[in-house]
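# Observations on the model geometry
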Amino acid sequence: MRVNKKYSCLPAEEKGIHIINIRAIEDIGYDQHESTLLNSLSKNPDADCKYGLYFRDGKRKVDYILVYHYKKSSAGKTLTRRVHYNDSSARSTKQDQPLPGKGVQLEMRESEPHVDYHEDDKRFRREEYEGNLVEAGLELERDEDMYQINQTHGLLKKINSVIQKITEPIQPKVAEHKPQTVKRLSYPFSREKQHLFDLSDRDSFFDSKTRSTIVYEILKRTTCTKAKYSMGITSLLANGVYSAAYPLHDGDYEGENVEPNDRKLLCEEWASYGVFYKYQPIDLVRKYFGEKIGLYFAWLGVYTQMLIPASIVGIIVFLYGCATVDENIPSMEMCDQRNNITMCPLCDRTCSYWKMSSACATARASHLFDNPATVFFSVFMALWAATFMEHWKRKQMRLNYRWDLTGFEEEEEAVKDHPRAEYEAKVLEKSLRKEHKHKETDKEKLTWKDRFPAYLTNFVGIIFMVGLTFAIVFGVIIYRISTAAALAISSTPSGRSSVRVTVTATAVIINLVVIIILDEVYGCIARWLTQIEVPKTDKNFEERLIFKAFLLKFVNAYTPIFYVAFFKGRFVGRPGDYVYIFHSFRMEECAPGGCLMELCIQLSIIMLGKQLIQNNLFEIGIPKMKKFIRYMKLKRRRSLDHEEHMKKKQRYEVDYNLEPFAGLTPEYMEMIIQFGFVTLFVASFPLAPLFALLNNIIEIRLDAKKFVTELRRPVAVRAKDIGIWYNILRGIGKLAVIINAFVISFTSDFIPRLVYLYMYSENGTMHGFVNHTLSSFNVSDFQAGTAPNDPMDLGYEVQICRYKDYREPPWSENKYDISKDFWAVLAARLAFVIVFQNLVMFMSDFVDWIIPDIPKDISQQIHKEKVLMVEVFMREEQGKLQMLETWKDNDKKKGENCNNHSPRLSRSHSGSLSSCHSYPLDV
């Protein structure tokens, strides 16, 4: 972009920012035109443009690319042509190469018998839009030779120096990671204040990221009204006028003779699995991709670092369970065959009585995740989540200061509030309808009445999809019940003993497959529901999309886990009075060791499966597959011309073959869902932080490689924070405290053990706990047709069987009624939930209060910069006042001289004199 004269007060030779390269892509092959032959015999016109990074003169840098398609109805050949637009003139070669402008339109119509109306309309809108871009001060160059394809002191300073030396091997080798000892005073650039800036090197004053952002804003604001379209590039892209618009990458990232550039440096020091142990070069990421993407990777890095202490504590808790499993009295009692506890059948008719000692392995495994240490770990993870949020806020403030975002005021954020193309199109459609009805059309906007059908569709759609998720979970429950009954018929004892494990494993795998499929479906549906709402701004669109997608994916991922944690085994009934589904399927029961072990299996498989399949394989495989398909299409098209196929591709061609950037919402979403797995049910799976840490170490480099090598360079967007994602994280942190309280209280046996230890134990130990939690049932009280078909399966006749519940025995007056022990345990559980929740939330709020959001040194530096900035502006104003006083003195002397030479002036002379007086002030 070179600033036009009417927008600039600089001399022509000082104009410094180049701007845009527009590439046309034609659909049908290549034509050997005479001009092409002549060009091939002369000097290569692309020799100085460094394969598309610069204009043809080799000096002006390309900052943005616009791509469009057009079809020709003649023999199926296309022309190669290029146009240069400057701020003063347009240079072309009409005799040699027909141009797509107005001067060539007649020539093309004479040689072509028919042109598609839609293509003609698109070309008309392109011509107007590009003409407006030139008037706005941009430089355009056409190239249609392309195919479809603060320093510390004292002790703290010494500590920092030691830490710096220790961490030096894991620091990336980029200049931005060197210790910052001097920070230049910064202020948002404006033409009115340009004399305050160091403009000695105008070509490098704005980096490539900033230049492309400036161009994108101009492209969005430049209108195209002749064809009744008032929108900019976003509308033209949506309507197919242009097929792509993207800034260029800095250059190649691999090869021996590649010139050094930021992209190559990022590939070597960031987007490589070999540097997984190093810190991220966040400043360089921000410089290349912009603040919004830089903040995402900075947040991901902080989250991954914070997972290290959580993983260590989780491993310690797990090892504690392994070390104490042989000392756990309840599991020892369950494994003791001398107890001879006969359990009631797990299903009607086909299932027989079974020994409690057969569930020994399950009981021992449950202790690994259901022990007193898990309560401590739940409290620790709640405080960890609060500390993580506070640590991120402080890190964010440091980045804001370092990246000059502390002055990112609301006026600058208002730039983001530019209406979306779809919104403007809807408003235009509404205006045209009212204009047709001869109504007032000033200041039209979309009201709630216009959006009511979309709101109703959103409400019904979300309710339907949530209901679909519940229905699928219910279907998996039916599968578990029916499969367990079918496998129980197995005649082999080994088959019967593995029924529970088999059913649980297969059901979880089914849940995982359904979750992965529905995740992709729900993502598309959430985007469609948001689009029909027609939000006004990109910010509103993004927030509504995030809310819908998160709601649906949260329900999809966690509904099976919630069922196992809080509903399975709660509505079973009792022997002789079981609860049935469809009058034939008996509700599931928890294992003798409790449902916590099954919850652990469910959580671990879903978490690991989503991370391995959805987050990693999909992110690697799908972009590779799309890239291969584009490559094969390009190869087929280029096979018509061997010379063109062998020619080295331009930078814009290589970037066009990359995958378009689809936003950060999918990247954040997978990490937020993972954060939920780490915090919501961590009481049942202490190793969740460890698996999340291992995944994120790979995820950072995987995302980095995707951004650097697989995606087109996104338009840089400024942002001060991670937006709505922070509120979602805080909400999950608060919800985690409540859920873990209920998991410990109702899913695990922690509270029943405490109640037994302090209320019912005769010797102050856990001996007799298992027998205390089991109720008795007289087999003669079975309902007709529900008793086991083989009552002698254990080798003896069973009169009394046991089941896990707190009920009166059959010899009691109120047999099978809920006993007083049940109410004592329930009261203790509810009391624990209230105490745990309030205590942990108080501790979290205390951590939030005691840690300041803004580091003290950063607040001091910000204050110091404001003082210095005020001093700079004060000096500037004083200089202006002195200059005005000088002008007034000179003007007064000129007036006196004029009065001496012309003592008698007419009214017209006075007017001229007045104009003469006002001239210096106007300058």
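Calculation rules
- Residues numbered from 1 in each chain as written.
- Predicted model: local features only at pLDDT ≥ 70, side-chain atom pairs only at ≥ 80, totals over all residues.
- Heavy atoms only, no water.
- Disulfide = S-S within 2.5 Å.
- Helix = DSSP H or I, 4+ residues; strand = E, 2+ residues; numbered from the N terminus.
- Core = buried A, V, L, I, M, F, W, Y, C linked by side-chain atoms within 4.5 Å.
- Buried < 20%, exposed > 50% of the residue type's maximum accessible area, 1.4 Å probe, protein only.
- Axes fitted to C-alpha atoms, helices over the stretch in contact; angles between N-to-C directions.
- Left-handed = near helix turned anticlockwise from the far one by under 90°.
- Contact = heavy atoms within 4.5 Å.
- Nonpolar A, V, L, I, M, F, W, Y, C, P; charged D, E, K, R; others polar.
- Phe/Tyr/Trp six-rings, centres within 6.5 Å; stacked < 30°, edge-to-face > 60°.
- pLDDT = per-residue confidence, 0-100.
- Parallel < 35°, antiparallel > 145°, perpendicular 65-115°, else oblique.
- Pairing = 2+ DSSP bridges.

A few words now on the state of the cysteines. Across all of its chains, the model carries two disulfides by this definition. Across a sulfur-sulfur distance of 1.9 Å, C335 and C360 are joined as a disulfide pair. Sign of the S-S torsion, about 95° for the bond between C335 and C360, identifies this disulfide as right-handed. Here C335, found in helix 10 (residues 329–335), pairs with C360, found in helix 11 (residues 360–369); they are 25 residues apart in sequence, far enough to count as distant. Across a sulfur-sulfur distance of 1.9 Å, C344 and C801 are joined as a disulfide pair. Disulfide C344 to C801: torsion about the S-S bond roughly 85°, handedness right-handed. Remark: C801 occurs in strand 14 (residues 800–804) and C344 occurs in the loop between strand 7 (342–343) and strand 8 (354–355); sequence separation between them is 457 residues.

W299, Y303, W384 and F681 are the most contacted members of the largest nonpolar core, which has 126 residues in total. Counting residues in each nonpolar core, the second largest holds 16 residues, with V134, L138, C224 and Y242 among its members.

The next subject is the packing of helix 9 (residues 291–323) against helix 11. The angle between the axes and the distance between the axes are what describe a pair of packed helices. One way to put it is that helix 9 packs onto helix 11 with a least axis distance of 7 Å and a crossing angle of 145°. Helix 11 is crossed by helix 9, and the crossing has right-handed handedness. On helix 11, the residues that touch F318, G321 and C322 of helix 9 are H367, L368 and F369. Residue composition of the contact of helix 9 with helix 11, by class: four nonpolar, two polar and no charged.

The geometry of an aromatic ring pair is captured by the separation of the ring centres together with the interplanar angle, meaning the angle of the planes. Under the definition given, this model contains 40 aromatic pairs. Here the aromatic rings of Y288 and F289 are separated by 4.9 Å at their centres, their planes lie at 80°, and the arrangement is edge-to-face. The same class applies to Y288 and to F289, which are both buried. Relative to F388, the ring of W299 lies with its centre 6.5 Å away and its plane at 55°, an arrangement referred to as tilted. Linking W299 in helix 9 with F388 in helix 12 (residues 372–402), this pair joins segments that are 89 residues apart in sequence. Residue W299 is classed as buried on the basis of its relative accessible area of 1%.

With 76% of its residues at a pLDDT of 70 or more, the protein has an overall mean of 75. Within the model, the stretch residues 72–115 combines pLDDT values under 50 with 93 contacts to residues more than four positions away or in other chains. Segment residues 901–923: pLDDT under 50, and nine contacts once partners within four positions in sequence are set aside and those in other chains are kept.

Here we come to the environment of F822. Tracing the backbone shows F822 in helix 27 (residues 820–850). Judged by its relative accessible area of 24%, F822 is partly exposed. Considering only alpha carbons, one finds F822 and P752, 70 residues apart in sequence, at a separation of 9.4 Å.

On to the packing of helix 17 (residues 499–533) against helix 18 (residues 538–567). With their axes 9 Å apart at the nearest point, helix 17 and helix 18 run at an angle of 160° to one another. The pairing of helix 17 with helix 18 is recorded here as roughly antiparallel in orientation. Between helix 17 and helix 18 lies a crossing of right-handed hand. Every residue of helix 18 that contacts helix 17 at N511, I515, L518, D519, Y522, G523, A526, R527, L529, T530, Q531 and E533 is listed here: F541, R544, L545, K548, A549, L552, K553, N556, A557 and P560.

Counting buried residues in strand 13 (residues 774–778) gives four out of five residues, a clear majority hidden from the surface. Bridge count for strand 13 against strand 14 is five bridges, and the pairing is antiparallel. The partner of S776 across the bridge, within strand 14, is R802.

The next thing to look at is helix 25 (residues 750–760). Restricting attention to buried positions, one finds in helix 25 the residues F750, I751, P752, R753, V755 and Y756. Looking at the buried side of helix 25, the elements it contacts are helix 10, helix 12, helix 24 (724–747), helix 26 (769–773) and helix 27.

Turning our eyes to something else, we now look at unusual backbone geometry. Of note, V534 is a non-glycine position whose phi angle comes to about 55°, a positive value. Tracing the sequence through the fold places V534 in the loop between helix 17 and helix 18. Phi at Y816 is positive, roughly 70°, even though this residue is not glycine. Examined against the element boundaries, Y816 turns out to sit in the loop between strand 14 and helix 27. Overall, the relative accessible area of 4% leaves Y816 in the buried class.

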